[in-house]
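Next come the chains, spelled out residue by residue.
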Amino acid sequence: MSSTPIQLSRCGKTFADGTRALAPLDLEIAAGETVVLLGPSGCGKTTLLRLIAGLESPDPGGTVRFDGEDVTALPIERRAVGMVFQSYALFPNMSVRDNVAYGLKVRRLPKGEIAARTEEMLEMMAIAPLAGRRVHQLSGGQRQRVALARAIAVRPRVLLLDEPLAALDAVLRDRLRVEIDALLRRLAITAVYVTHDQAEAMMLGDRIVVMSGGRIEQAGTAREIYRAPATPFVAGFVGTVSRVADLAGGEALLRPEDIEICAVAEGRIAATVETAHFLGGRCQVTLSGPDGGRLIAEAPPDAAPPVGARVGLRWRDAAVIRIPLMEAAQ
Amino acid sequence: MRNRLGFALQLAVTLLVAAFLVVPVAMSMLAGVTANFFVGVSSGLTLRWVGEVWRLYAATIGLSMTIALACVAATLALGVPAAYVLARRPGRVSRAIEEVLTLPLAIPGLALALALIITWGGFRDFRTGWGFVLVGHVLYTLPFMVRAVLAVLSATAMRDLEEGAASLGAGFWTRLATVVIPNARGGIVAGALMVLTLSVGEFNLTWMLHTPHTKTLPVGLADSYASMRLEIASAYTLLFFIMIVPLLVAMQAMSRTRRTAGPVEELPPCRPLPSN
Amino acid sequence: MSNRDLPRLVLLAVPAGAFALAFFLVPLARLAAAAAGGPKGLAAYASVVTEPRHFESMMATLALAVGVTAATLVLATVAGLFLSRHAFPGRGALVAVLTLPLAFPGVVVGFLVIMLGGRQGVIGGLTEALGAGRLVFAYSLAGLFVGYLYFSIPRVILTVMASAEKLDPALEEAARSLGASRARVLKDVVLPGLAPGLTAAGAICFATAMGAFGTAFALAANIEVLPMTIYTEFTLNANIAAAGALSLVLGAVTWAALYAARSLAGPPVAAAA
């Protein structure tokens, strides 16, 4: 399958009623890369995906390029994208096989080729036994696979996925996440994946674009975003952080796993245990710090301090996340 | 104990209402096959009156069927595209168009008929043909078709389906033919049934628009109520019931299955406004 | 997908638009002009107030429509709630019976009223058998009332049942868990929940009763309701101006009732109907 780089430049979106869903932004997606758009609902991630898809046009001045070619004016049906919708949008008037074959039929491929490629897709997604069924006879996970098969059957230049796992229960979501990850690696296709689930984003994305309020907060690998969040929003949205006083000025933040509970005398600060919850492999401990601020730390599963205990907290300097004052003020 | 009493009271009211609706229908059906209704069923049962009605009024039944089918065809051709446009472009303009399209429901048939006669009555050939009656029927039934189809088309699931088809490369007309219309089938069939039923029973407009050569079934019914003996009027009504009841039953069945159907067909049942 | 399709969408809207223009908007404008073009000019529109015969007819029609709407709402709410709340053998058949007359035309309903309360009607037979003399009511305002009740009940029952199905049972359970009696639950939870549906159905009921013509026509009664007055003005008196003005005033009243209900009930009738 071909892989196509995507370049967005000055892409903003203001809807007819005046709501600004997206501030003008630039984004480059490399060929074959999987980029996850992550953010809370209303952050503009779905609008950005729909701009790339061609379901929305950017405000004047914005351009969308596929492999250098300006596709801004092309409607979705002429962009050769594959898209998986949150609702799957499977056609209830067609069988599973006809759903998968639809894009090929629309492209007027020879009959034999349509049949062969459809079967190949059904096999690949392990839904061949369901080929004759109607959509309403499928389970959620099966629908998900049909939607994927249908989107990739046309060998799109770009694969776009809009919260494809949001409608599924937790167990199925975990399993399909692994499958989608393997599929994207195998196809080596440029993919843009929208989600509000940070675990999904960290697992699937070569790069994560964290969005909030219609703008990009930070784009980077999962590690960069977790270890070196660019803004307080990113630090708080991806993972949990506790705030500690920082002598150098600005925010000093710590991940729970980097805060160690010790005796008061050994700690850099003292705190009081408020709650301790056993979570299997570890305990999550909530404490109130010297200035009354709340801190979240981790303890070994069987060594959590009792509630109400006075303890010390210590951490390595290297673990401290610093966000420059200017960014923090924003 | 109070509960029991309440139950019994509600049941009684319900049964009484049901009797109110059923008894006259049953009576008129019986009267249509009774030799002499004044004497009673003891005078014997006969199909003579039905035969008489057939001899006198067969043409009205044929014309009603013709007009009703033509009316379905016309409302499909006009209403389905219009509903699609309204669903695709929701906004103030669409709201205004929908208001105009459904306005004929709020205006009494008599007024519509008068307006049509004043404007088009001078075109003699048009005025005297059944096309004139058809125009009245289309005017009155079009809102039902538009609403029934619009209800299915404006479901979010339908927008998703169309975007799905577009993402796979389908252009405007392909999407319309392969995805939109097939999945709006429930609404289209419901609308068509409704139009058929309403057209067969339409009287208000038709009475004003008809000529001696373009009498429909309800016009003939009014005629027989005014001038024929009770048994013939009843037999004629019986024939009308035989035509309309299957349509009504089909409509009921449709709204039942639609309530339990898939994601696209989650539309509320459409309730007709009979032309009385 | 949105703006690029505009020309095609306009194309699709053309047939319905042309039809509405030629056979609805223009005729309505011509009717309005004809009504004002009579000997009395624009004063024709005021004839519902100025002309005693028209005024009486309007008042009778309004009273009839209001009465029918009120009676229908009460009966249909009792029956509709009952049917949606209880499961019992024969319920399906009962629902079918109660909703089947949905699209019976007014003329046929008029004939059915004759079957009930005409000279050979079943009710007359009953009263005679009871020794109270033959009760004949079909050819009066009472006959019209019964007829309008007949074609209004099925629709309102359907609305009540549809609204009742949509009520969240948890609301009632919550009210009962807070100690409310059945009557309180009905008053505080069920009826407010049904109110939008009842408002819409009531408005349609009222509008239909205002404009109904077939039933009065079939009863051939000496009842001056507005549609009959319009018909008489047009056919017997050939007074197109009066007939036109009256029918436009009638149209305005029914449209206003529907519009008011739509604003009251929140979502448009189009969505609820």
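Residues numbered from 1 in each chain as written. Chains lettered and ligands numbered in written order. Predicted model: local features only at pLDDT ≥ 70, side-chain atom pairs only at ≥ 80, totals over all residues. Heavy atoms only, no water.

J.: I'd like a rundown of the sheet that holds strand 6 (residues 81-84) of chain A, residues and numbers included.
T.: Residues and elements named next belong to chain A. Read from one edge to the other, the open sheet built from 6 strands follows the order 6-7-8-3-9-10, with strand pairing classed as mixed. Each edge of the open sheet is held by one strand with a lone partner, namely strand 6 and strand 10 (215-220). Each strand of the sheet is rotated relative to its neighbour by a mean of 15 degrees, with strand direction disregarded. Pairing geometry for strand 3 (residues 34-38) and strand 9 (residues 207-212), over 4 bridges, is parallel. Of the residues in strand 9, the one forming a bridge with Leu38 is Val210. (Pairing = 2+ DSSP bridges. Helix = DSSP H or I, 4+ residues; strand = E, 2+ residues; numbered from the N terminus. Axes fitted to C-alpha atoms, helices over the stretch in contact; angles between N-to-C directions.)

J.: Run through the sheet that holds strand 5 (residues 69-70) of chain A, naming residues and quoting values.
T.: All names here are of chain A. What the 4 strands build is an open sheet, ordered 2-1-4-5; its pairing is antiparallel. Among the strands making up the open sheet, the edge pair consists of strand 2 (20-29) and strand 5. By the bridge criterion, 4 bridges tie strand 1 (residues 6-14) to strand 4 (residues 63-66) in an arrangement that is antiparallel. Residue Ser9 lies in a different strand from strand 4, and its bridge partner there is Thr63. The sheet contacts of helix 1 (residues 45-53) involve strand 1, strand 2 and strand 4, and relative to strand 1 the element is tilted by about 120 degrees. (Contact = heavy atoms within 4.5 Å.)

J.: Before we move on, could you go through the packing of aromatic side chains and cite the residues and values that matter?
T.: The tally for this structure, following the rule as stated, stands at 27 aromatic pairs over all chains. Between Tyr148 of chain C and Phe151 of chain C, the ring centres sit 5.2 Å apart and the planes meet at 40 degrees, which makes this aromatic pair tilted. With Tyr148 of chain C and Phe151 of chain C both in helix 7 (residues 141-166) and 3 residues apart, this pair spans about one turn of that helix. Phe151 of chain C carries the same exposure label as Tyr148 of chain C, and that label is buried. Aromatic rings pair up to connect Trp120, Phe123, Phe126 and Phe132 of chain B together with Phe19 and Phe23 of chain C into one cluster. Positioned over the ring face of Phe91 of chain A is Arg150 of chain A, at 4.6 Å from the centre of the ring. Above the ring of Tyr139 of chain C, the side-chain terminus of Arg119 of chain C is found at 4.4 Å from the ring centroid. (Phe/Tyr/Trp six-rings, centres within 6.5 Å; stacked < 30°, edge-to-face > 60°. Buried < 20%, exposed > 50% of the residue type's maximum accessible area, 1.4 Å probe, protein only. Lys NZ or Arg CZ within 6 Å of the ring centre and 35° of its normal.)

J.: Account for the confidence of the model for chain C, with residues named and values stated.
T.: All names here are of chain C. Across chain C, pLDDT averages 86, with 96% of residues at or above 70. This model gives residues 268-273 a pLDDT under 50, and the stretch forms 13 contacts once residues within four places in sequence are excluded. Confidence metrics for the complex model read pTM 0.84 and ipTM 0.85. (pLDDT = per-residue confidence, 0-100.)

J.: Requested: an account of the interface of chain B and chain C, with residues and values cited.
T.: A common way to report how large an interface is uses the accessible area buried once the components associate. Taken together, the contact between chain B and chain C spans 91 residues of the former and 90 residues of the latter. Counting each side, the surface lost to burial between chain B and chain C is near 8,000 Å², with a carbon and sulfur contribution of 78%. Taken together, chain B and chain C are joined by 3 salt bridges. For Arg88 of chain B, the salt bridge is made with Asp5 of chain C, and the minimal N-O distance between the two is 3.1 Å. In this structure, the connection of chain B to chain C is made through 8 residue pairs in polar contact (both at pLDDT 80 or more). Here the side of chain B that touches chain C takes 18 residues from helix 1 (residues 2-32) of chain B, the largest share from any one element. Of the residues in the side of chain B that touches chain C, the class split is 68 nonpolar, 13 polar and 10 charged. (Buried area = accessible area lost by both parts, 1.4 Å probe. Salt bridge = Lys/Arg side-chain N within 4 Å of Asp/Glu carboxyl O. Polar contact = N/O pair within 3.5 Å; in protein donor to acceptor, adjacent residues only side chain to side chain. Nonpolar A, V, L, I, M, F, W, Y, C, P; charged D, E, K, R; others polar.)

J.: So what's going on with the state of the cysteines? Which residues, and what values?
T.: All names here are of chain A. The tally for this structure, following the rule as stated, stands at 0 disulfides over all chains. Lacking any disulfide linkage, Cys262 is separated from the closest cysteine sulfur, that of Cys283, by 17 Å. We classify Cys262 as buried; its relative accessible area is 11%. (Disulfide = S-S within 2.5 Å.)

J.: Could you give me a rundown of a nonpolar patch on the surface, with the residues and numbers involved?
T.: Residues and elements named next belong to chain B. Together, Leu30, Val41 and Leu45 give the surface a local cluster of nonpolar side chains, amounting to about 270 Å² of exposed area. Relative to the assigned elements, Leu45 resides in the loop between helix 1 and helix 2 (48-88). Judged by its relative accessible area of 60%, Leu45 falls in the exposed class. (Patch = residues over 30% accessible without salt bridge, like charges linked within 9 Å, V, L, I, M, F, W, Y side chains within 5 Å. Areas by Shrake-Rupley, 256 points an atom, 1.4 Å probe, with all protein chains shown as cover.)

J.: Give me unusual backbone geometry: which residues, what numbers.
T.: Residues and elements named next belong to chain A. Even without being glycine, Asp67 reaches a positive phi, approximately 55 degrees. Looking at the secondary structure, you find Asp67 in the loop between strand 4 and strand 5. Positive phi, close to 55 degrees, is recorded for Ala80, a residue that is not glycine. Position of Ala80 relative to the elements: it lies in the loop between strand 5 and strand 6.

J.: I'd like to hear about the domain arrangement of chain C, residue by residue, with values.
T.: All names here are of chain C. Domains assigned within chain C are domain 1 (1-34) and domain 2 (48-265). Averaged C-alpha coordinates put domain 1 and domain 2 at centres separated by 33 Å. Counting residues at the interface gives 4 residues for domain 1 and 5 residues for domain 2. Carbon and sulfur atoms supply 84% of the area that domain 1 and domain 2 bury against each other, a total of about 300 Å² over both sides. (Domains from an automatic or database assignment.)

J.: Break down the pattern of salt bridges for me, citing the residues and quoting the values.
T.: Tallied over the entire structure, the rule returns 39 salt bridges over all chains. Note that Asp5 of chain C is salt-bridged to Arg175 of chain B, the shortest N-O span being 3.1 Å. Of this pair, Asp5 of chain C sits in the segment before helix 1 (6-36) while Arg175 of chain B sits in helix 8 (residues 172-183), on two different chains. Looking at Arg175 of chain B, the relative accessible area reads 0%, which means it is buried. Sharing partners across several salt bridges, the network here consists of Lys13, Arg50 and Glu56 of chain A together with Arg159, Asp160 and Glu163 of chain B.

J.: Residues and numbers for the nonpolar core, please.
T.: Membership of the largest hydrophobic core comes to 215 residues, with the highest contact counts inside it found for Tyr102 and Leu160 of chain A together with Phe104 of chain C. With 18 residues, helix 2 of chain B is the largest single contributor of residues to this core. The residue makeup of this core includes at least three contributed by each of domain 1 (1-34) and domain 2 (48-265) of chain C. Sequence-distant contacts of Tyr102 of chain A, defined by excluding residues within four places in its chain, comprise Phe91 and Met94 of chain A together with Ala165, Leu168, Ala170, Thr174, Arg175, Thr178 and Val179 of chain B. The next biggest cluster of nonpolar side chains, apart from the first, holds 44 residues, and it includes Val36, Tyr88, Leu130 and Tyr193 of chain A. (Core = buried A, V, L, I, M, F, W, Y, C linked by side-chain atoms within 4.5 Å.)

J.: Tell me about the pairing of strand 7 (residues 158-162) of chain A, and please be specific about residues and values.
T.: Residues and elements named next belong to chain A. The element strand 7 is extensively covered by neighbouring structure, given that 5 of its 5 residues are classed as buried. The alternating pattern of strand 7 places Val158, Leu160 and Asp162 and Leu159 and Leu161 on opposite faces, both of which are buried. Sheet topology places strand 6 next to strand 7; 4 bridges connect them, and they run parallel. When the sheet's bridge partners are listed, Met83 is paired in strand 7 with Leu160. The pairing of strand 7 with strand 8 (residues 190-195) spans 5 bridges and is classified as parallel.

J.: Give me the lowdown on the packing of helix 9 (residues 182-211) of chain C against helix 12 (residues 240-265) of chain C, citing residues and values where you can.
T.: Residues and elements named next belong to chain C. Put simply, helix 9 and helix 12 touch, their axes get as near as 8 Å, and they point 175 degrees apart. Accordingly, the angle class assigned to the pair helix 9 and helix 12 is roughly antiparallel. Here Pro196, Thr199, Ala200, Ala203, Ile204, Phe206, Ala207, Met210 and Gly211 of helix 9 lie close against helix 12, whose contacting residues are Leu250, Val253, Thr254, Ala257, Leu258, Ala261, Leu264 and Ala265. Here the residues of the contact of helix 9 with helix 12 sort into 14 nonpolar, 3 polar and no charged. (Parallel < 35°, antiparallel > 145°, perpendicular 65-115°, else oblique.)

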